[in-house]
Amino acid sequence: MNEEQIAQNWMDNCCQTIQQYDHKAHMNLISEQVQVYGIPGFDVIGYADWFSQCEYEFREKLIEKASYAGIKIRQSNNNQIMFLTSESILATDGTTDTHPIEIVLSKETDGQWRVTQERLLSEQEAQHLGIS
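The paragraphs below set out a description of the structure included in this document. Predicted, not measured: the structure shown is a model, and the values here were computed from it.

## Re helix α1 (residues 3-19)
The end-to-end C-alpha distance of α1, which contains 17 residues, comes to 24 Å, matching closely the 24 Å that a straight helix rising 1.5 Å per residue would cover. For α1, the set of buried residues is Ile6, Ala7, Trp10, Met11, Cys14, Cys15, Thr17 and Ile18. Capping of α1 at its N-terminal end is provided by Asn2; its side-chain oxygen lies 3.0 Å from the backbone amide nitrogen of Glu4. At the exit of α1 stands Tyr21, carrying a positive phi of roughly 50°.

## Regarding the pattern of salt bridges
Applying the stated criterion to the full structure yields 6 salt bridges. The salt bridge involving Arg119 is made with Glu102; its shortest N-O contact spans 3.1 Å. Of this pair, Arg119 sits in strand β5 (residues 113-120) while Glu102 sits in strand β4 (residues 96-107); the two residues are 17 residues apart in sequence, bridging distant segments of the chain. When its relative accessible area of 22% is taken as the criterion, Arg119 is described as partly exposed. Among the charged side chains, a network of salt bridges with common partners joins Arg74, Glu102, Arg119 and Glu125.

## What to know about the side chain of Glu102
A relative accessible area of 4% places Glu102 in the buried class. A distance of 2.7 Å separates the side chain of Glu102 from the side chain of Arg74, its partner in a polar contact. Ignoring sequence-local partners within four residues, the contact set of Glu102 consists of Arg74, Met82, Phe83, Leu84, Gln117, Glu118, Arg119 and Leu121.

## Description of the sheet that holds β5
Here we have 5 strands laid out as an open sheet, ordered β1-β5-β4-β3-β2, and mixed in their pairing. The sheet terminates laterally at β1 (30-37) and β2 (63-76), the two strands that pair on one side only. Taken pair by pair, the neighbouring strands of this sheet meet at an average axis angle of 25°, ignoring direction. Note that strand β3 (residues 80-91) and β4 share 11 bridges and pair antiparallel. Looking at β4, one finds that Ser86 is bridged to Pro100. α1 contacts β1, β2, β3, β4 and β5 of the sheet and is inclined by roughly 165° relative to β2.

## A closer look at the layout of surface pockets
Remark: the empty space left among the atoms is shown by a probe the size of a water molecule rolled over them. One number sums up the size of the largest pocket: a volume of about 700 Å³. Lining the largest pocket are 23 residues, with Ile39, Gln53, Glu57, Glu87 and Ile89 positioned closest to its centre. For the lining of the largest pocket, the elements supplying multiple residues, two or more each, are α1, α3 (47-59), β2, β3, β4 and β5. Along the lines of polarity and charge, the residues of the lining of the largest pocket split into 15 nonpolar, 3 polar and 5 charged.

## Observations regarding the side chain of His99
Take His99: it is sitting in strand β4. A distance of 2.9 Å separates a polar atom in the side chain of His99 from a polar atom in the side chain of Glu87. If near-sequence neighbours (up to four positions away) are discounted, His99 is found in contact with Thr85, Ser86, Glu87 and Leu120.

## Digging into α3
Side chains that are three or four residues apart share a direction in an α-helix, a result of its 3.6 residues per turn. Between its first and last C-alpha atoms α3 spans 18 Å; for 13 residues at 1.5 Å apiece the expected length is 18 Å, and the two agree. Those residues of α3 lying buried are Trp50, Cys54, Glu57 and Phe58. Seen end-on, α3 carries its buried residues on one side only, within an arc spanning 95°. Away from its buried face by more than 90 degrees, α3 exposes Ala48 and Arg59. In this structure, the buried residues of α3 make contact with α1, α2 (23-27), β1, β2 and β5. Downstream of α3 by a residue or two, Lys61 has a phi angle that is positive, lying close to 50°.

Reading guide: rules and limits
Residues numbered from 1 in each chain as written. Predicted model: local features only at pLDDT ≥ 70, side-chain atom pairs only at ≥ 80, totals over all residues. Heavy atoms only, no water. Helix = DSSP H or I, 4+ residues; strand = E, 2+ residues; numbered from the N terminus. Expected span 1.5 Å × (residues − 1). Buried < 20%, exposed > 50% of the residue type's maximum accessible area, 1.4 Å probe, protein only. Polar contact = N/O pair within 3.5 Å; in protein donor to acceptor, adjacent residues only side chain to side chain. Salt bridge = Lys/Arg side-chain N within 4 Å of Asp/Glu carboxyl O. Contact = heavy atoms within 4.5 Å. Pairing = 2+ DSSP bridges. Axes fitted to C-alpha atoms, helices over the stretch in contact; angles between N-to-C directions. 1 Å grid on protein atoms, 1.4 Å probe; cavity = no way out; pocket = protein on both sides within 12 Å on 5 of 7 lines; lining within 4 Å. Points joined across faces, edges and corners; volume = space filled by probe spheres on them. Nonpolar A, V, L, I, M, F, W, Y, C, P; charged D, E, K, R; others polar. Arc of directions from axis to C-beta.

Quick look at the structure:
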């Protein structure tokens, strides 16, 4: 598999686990070292925060669907892939949250690709990087 296929596979699995409210499978896509930047009101979000938020959202069935549009590989090597995409989350109340993001996937010691870093991009940065 090339880096684009690995990233697409990760995004597909992410969407599937969300739609199935499969918390355990979803968290298997997330590294315990994950750091998320760019969330308003937070400096950084870590694994425990992601775990708790997903556990709540899945239990209450607050998300109807997640999707990704486009993929632009920025850098890659045998153990990491950095790419840009646009993420959309459709809530069960009908609202949609769409934002451009930068994702870093890392191949961990068990051979599984997991997200180790995610960064929400501003619209200006997304335009500059050619993903909006």
